[in-house]
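One-letter residues, chain by chain:
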Amino acid sequence: GFHLSGTVTDPATPSSPELVCSVSVSFDRCKITAVTCTCGNKDIFYCAHVVALSLYRVRKPEQVKLHLPISETLFQMSRDQLQKFVQYLISVHHTEVLPTAQKLADEILSQNSEINQVHGTGAPDPTAGASVDDENCWHLDEEQVQEQVKLFLSQGGYHGSGKQLNLLFSKVREMLKMRDSNGARMLTLITEQFMADPRLALWRQQGTTMTDKYRQLWDELGGALWMCIVLNPHCKPEQKSSWLRQLRRWNSVDVCPWEDGNHVNELPNLTHSLPQGAHGNQASKMRPHRTVFTRAIEACDLHWQDRHLQHIIASDLYANYCYHDNQEGSLFDSRGWPLWHEHVPTACARVDALRSHGYPREALRLAIAVVNTLRRQQQRQLEHFRRHKKELLHKGHTSITNMEGWVGHPLDPIGTLFSTLTESGRAGEEGSNTCLDLSDCSSVVSRADLQRMPVQRLLGDGESYMALAVETALIGLGQQRVMPDGLYAQEKVCRNEEQLLAKLQEVELDDSLVKIFRKQAVFLLEAGPYSGLGEIVHRESVPMHTFARYLFTSLLPHDAELAYKIALRAMRLPVLESTASSGDLSRPHHIVSVVPNRYPRWFTLSHIESQQCELASTMLTAAKGDSRRLETVLESIQKNIHSSSHIFKLAQDAFKIATLMDSLPDITLLKVSLELGLQVMRITLSTLNWRRREMVRWLVTCATEVGVYALDSIMQSWFTLFTPTEATSIVATTVMSNSTIVRLHLDCHQQENLASSARTLALQCAMKDPQNCALSALTLCEKDHIAFETAYQIVLDAAATGMSYTQLFTIARYMEHRGYPMRAYKLATLAMAHLNLSYNQDTHPAINDVLWACALSHSLGKNELAAVIPLVVKSVKCATVLSDILRRCTLTTPGMVSALHSRRNSGKLMSLDKAPLRQLLDATIGAYINTTHSRLTHISPRHYSEFIEFLGKARETFMMAHDGHIQFTQFIDNLKQIYKGKKKLMMLVRERFG
């Protein structure tokens, strides 16, 4: 039949009542062409009720009543029956049908109506099926597709919308695999919604880039899926023309995303073959920006009519064992197996298209031909380099062999080949029910033979699909290729490399795979400019650290020597070398050259450096216990790693590995750790690094583990490693601590030698930076009289010029604490000479030091106090500070310290009428007078009460002089006269002071 209708009952649940749905399904030539259901669910896919009715018809056909087409049934009715039928139909569905029925009745009764003129006596019958010439395709609710995509895009990556869109893309691939023509329709609808996304215009307007996940969706949409559509091997020319018009229309829209993430891409055209001509890159500079659709547009020019290509795809046995042409573009290899020479990503796009359109066996045949071409090309490159090795190495530099790398490419050619080969087992088991008939290939092999042939014939002796897949991945990952421009393109290189390596790590290595690893490793080391691990690479080629780490760990158990050769060669990072070669401008025929001397914008440099660090760490771990290997790895790290933080991490890693709890320390690895730590110290000595103190402390810990000679060594050469402050406050202090002595199990003689080195270091640091190191030097030299005296002399020499009063006061207090009051006094007087306290600095942090210095002088005796007071008078202009000093000096007898050693002290208080206190008293009174005038210049009413209190303190000081009362009265009278304009203030003065 052509029409199926029925009712489907949804049983009741605790949360919803029973639901009865009326379902109608139209189908034509094994395809469901239209569906309706009263459930009201809106979705891209059929609702459960449509599926249930369809399955019921498939599983229980005998229970579904068949009817003739409705036109046949009507033909058998009499006039009365027809009238009865129509009236009952209208009665049952009167609200829906009555308007239409009335309209049709009017038109049928009218002789000139369109119905009577066009159809004559006939009428359409939807139950009779479509005409054989009519188009038939699966039902697709276009409106729902558009609504769903618009909804997912509007969510901006939240609520799993990215995952939902990827599921839609998977649905498109599923449709293509089933040869469902709706695949292209659905992708068109999705693309229209993507192009209508308002964020595109916003990002272009703001000059910002789209998010990474959104960018990946565009890659899948514009790159992979549309490439598969236009490379459909059985599409009609008019279909391809229609798609090309669509793609060009989208491509011309201003907001259409660029292929490389908003950076100009100068890559060869898709249809170019592998060898690039000498001027292959010139025309690209004149081309407009490449969009995500450019490759699909270019792919519209590709066809499947090449006879050699048709033979490859059609037969497992296509070969030519008599073919011995070994030229560049030969059609068969030395075994007589077919090759396919085409731009590699384009050839792999063909493979992906065959897989996507449900031709797994044909895809496998072409994939193997492409892989054999890559292997042969690799061998020819090795031979070419060996012939010209001396000439190329003599130049000392090279050019990029590939402007367009296969790993990170928009079409993911290596990933496509890998997936095709690894999935071939399943495809072989399932088989392909249909063969791709591109043309008459029966001259090669019959259709019947094709059905009987085992796919395994595609492999050589001892080969497997997994081995081919692994070798293909190794070839792609080891290719020397230029680092692309733009953040997105560079991140894509890293991401694609990690994806391939993740797939490789799932493969268990057997003897045959190890053999392939060895073969590829040797090629990588010996293939010169064709390999990312050749002897010389261009400074802008993609680094091999991540790939080499995988190779290293894979080869290590089987061939350690080769593993280390690979890893050590990969350690380099030429882009950071200031002396890196600039490139070859001669444009030899086998190399695509690039413009030299342009420092690249390597947006992923930090990630690359961390991968370089990981590679080094892996080698250090593996080399534990092997001093020769450790030395080689250390040299490589010191030569190639330029980041202090990464070298420090490696030093820490080596230290951890060397001092594992379950084994004795590995002294060679400890020395490596120390060497790396010393390198970090030298690098960061003259640059700012927020982790510097941590690094210094760690180095001392590491040197302690190595032994006493290492500690002595870093102290001997401290000036190349540490600042004077670090050397004294961290290094020498830690070395002389009890914990270090206990850790090293030192005897008395060793302790003294180490302490002597620390004291020497401290004195050298004090000479170089007395301001910051003098106190530490004095502390470190306390137990050695000569050294202590030397340190003290350094302080005295530096006091006049290089040290501040704060530093001198600090050292002076230390001297007093250590029992050297006269030295403390000496340093305090030197500090006073540098000090200057103005009248309003009554909260200055140095006040306590001044009071302490005066108290120290007072305690030493009258002479010392007499010597320090002129310095105080000269340095301190603050009245409250001076009055505080004056009061303290009059409360006790001077010389309490010297009184213990001398009987000459009379025990009398000092007179304010005689020197030195008379001088201090006069200075204090003068300071009060000056401060008063200064404060009155800019005084506001809210400060009046505070000012009166200040005058009260001034009167107390005035009264200490024998004529103080007279002086103060004159002072107040003077104020009243000068500031009589400040009436309110002067009234307050009169109230308080008369």
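Residues numbered from 1 in each chain as written. Predicted model: local features only at pLDDT ≥ 70, side-chain atom pairs only at ≥ 80, totals over all residues. Heavy atoms only, no water.

## Overview of the pattern of salt bridges
The cut-off we apply is this: By salt bridge we mean one thing: a side-chain nitrogen of Lys or Arg within 4 Å of a carboxyl oxygen of Asp or Glu. In this text, helices come from DSSP runs of H or I with a minimum length of four residues, and strands from runs of E with a minimum of two, each type numbered from the N-terminal end.
A complete count under the given rule lists 44 salt bridges for this structure. The partner of Asp-784 in a salt bridge is Arg-759, with the nearest N and O atoms 3.7 Å apart. Here Asp-784, found in the loop between α34 (770-780) and α35 (785-799), pairs with Arg-759, found in helix α33 (residues 748-768); they are 25 residues apart in sequence, far enough to count as distant. Linking Asp-922 and Arg-918 is a salt bridge whose minimum nitrogen-to-oxygen distance equals 3.3 Å. Separated by 4 residues within a single helix, Asp-922 and Arg-918 lie in helix α41 (residues 917-937), roughly one turn from each other. A single network of salt bridges, built from pairs that share partners, joins Asp-333, Arg-335, Arg-375, Glu-463, Glu-471 and Lys-519.

## A few points about the nonpolar core
Within soluble globular proteins, side chains that are nonpolar tend to cluster in buried spots. Counted only if it meets this: Note on terminology: a nonpolar core comprises buried Ala, Val, Leu, Ile, Met, Phe, Trp, Tyr and Cys residues joined through side-chain atoms within 4.5 Å. Each residue is assigned to one of three classes by its accessible area relative to the maximum for its type, calculated with a 1.4 Å probe on protein chains only: buried under 20%, partly exposed between the two thresholds, exposed over 50%. It only takes one pair of heavy atoms within 4.5 Å for two residues to be counted as in contact.
With 245 residues, the main nonpolar core has Ile-190, Phe-194, Trp-218, Phe-293, Leu-620 and Phe-722 as its most contacted residues. In terms of residues, this core owes the most to one element, helix α10 (residues 212-230), which gives 10 residues. If sequence neighbours within four positions are ignored, Phe-722 has contacts with Met-681, Leu-685, Arg-692, Val-696, Leu-699, Ile-714, Ala-727 and Val-731.

## Details of the packing of aromatic side chains
By convention here, two paired aromatic rings are described through the distance between centres and the angle between planes. Under the convention used in this document: The rule is short: rings of Phe, Tyr and Trp, with Trp giving its six-membered ring, pair when the centres are within 6.5 Å, and they are stacked under 30 degrees, edge-to-face over 60, tilted in between. Whether a charge lies above a ring is judged from NZ of Lys or CZ of Arg, which has to be within 6 Å of the ring centre and within 35 degrees of the ring normal.
Throughout the structure, instances matching the rule amount to 18 aromatic pairs. Taking the centre distance of 5.5 Å and the plane angle of 65 degrees together, the rings of Tyr-318 and Phe-332 count as edge-to-face. Here Phe-332 lies in the loop between α13 (307-314) and α14 (344-356) and Tyr-318 lies in the loop between α13 and α14, a separation of 14 residues in the sequence. Each member of the pair Tyr-318 and Phe-332 is classed as buried. Taken together, Phe-169, Phe-194, Trp-203, Tyr-214, Trp-218, Trp-226, Trp-250 and Phe-293 form an aromatic cluster joined through their ring pairs. For Arg-179, the ring lying beneath its charged end belongs to Tyr-359, and the centroid distance is 4.1 Å. Positioned above the aromatic ring of Tyr-488, the side-chain terminus of Arg-215 is 4.9 Å from the ring centre.

## A look at the state of the cysteines
Condition: To count as a disulfide, a pair of cysteine sulfur atoms needs to be within 2.5 Å.
All told, the structure shown has 0 disulfides when counted by the stated rule. Lacking any disulfide linkage, Cys-21 is separated from the closest cysteine sulfur, that of Cys-37, by 4.5 Å.

## As for the side chain of Ser-757
Tracing the backbone through its elements, the reader meets Ser-757 in helix α33. Residue classification places Ser-757 among the buried residues on the basis of a relative accessible area of 12%.

## Describing helix α17 (residues 413-422)
Judged by how many residues are buried, α17 sits mostly within the fold: 9 of 10 residues are covered. What α17 keeps buried is the set Pro-413, Ile-414, Gly-415, Thr-416, Leu-417, Phe-418, Ser-419, Thr-420 and Leu-421.

## Quick notes on the environment of Lys-976
Structurally, Lys-976 is set in helix α43 (residues 964-978). For the pair Lys-976 and Arg-990, spaced 14 residues apart in the sequence, the C-alpha separation amounts to 8.5 Å. Those residues within four positions of Lys-976 in sequence are excluded, and the remaining contacts are Met-986, Arg-990 and Gly-994.

## A short note on the packing of α13 against helix α15 (residues 360-387)
Applicable threshold: To get an axis, a line is fitted to the C-alpha atoms, and for a helix only the part in contact is used. The angle between two axes follows their N-to-C directions and goes from 0 to 180 degrees. Small angles under 35 degrees read as roughly parallel and large ones over 145 as roughly antiparallel, with 65 to 115 read as roughly perpendicular and the rest as oblique. Ten residue types, Ala, Val, Leu, Ile, Met, Phe, Trp, Tyr, Cys and Pro, are classed as nonpolar, four, Asp, Glu, Lys and Arg, as charged, and the remainder, Gly among them, as polar.
Viewed as axis vectors pointing N to C, α13 and α15 meet at an angle of 120 degrees, and their least axial separation amounts to 7 Å. Classified by the angle between their axes, α13 and α15 sit oblique to one another. Residues Leu-309, Ile-312, Ile-313 and Ala-314 of α13 touch α15, and the partners they reach there are Glu-362, Arg-365, Leu-366 and Ala-369. Classifying every residue of the contact of α13 with α15 gives 6 nonpolar, no polar and 2 charged.

## Topic: the packing of helix α42 (residues 944-958) against α43
Between α42 and α43, whose axes approach to 8 Å, the crossing angle comes to 145 degrees. Here Leu-951, Ala-954, Arg-955 and Phe-958 of α42 come into contact with α43, specifically with Gly-964, Gln-967, Phe-968, Phe-971, Ile-972 and Leu-975.

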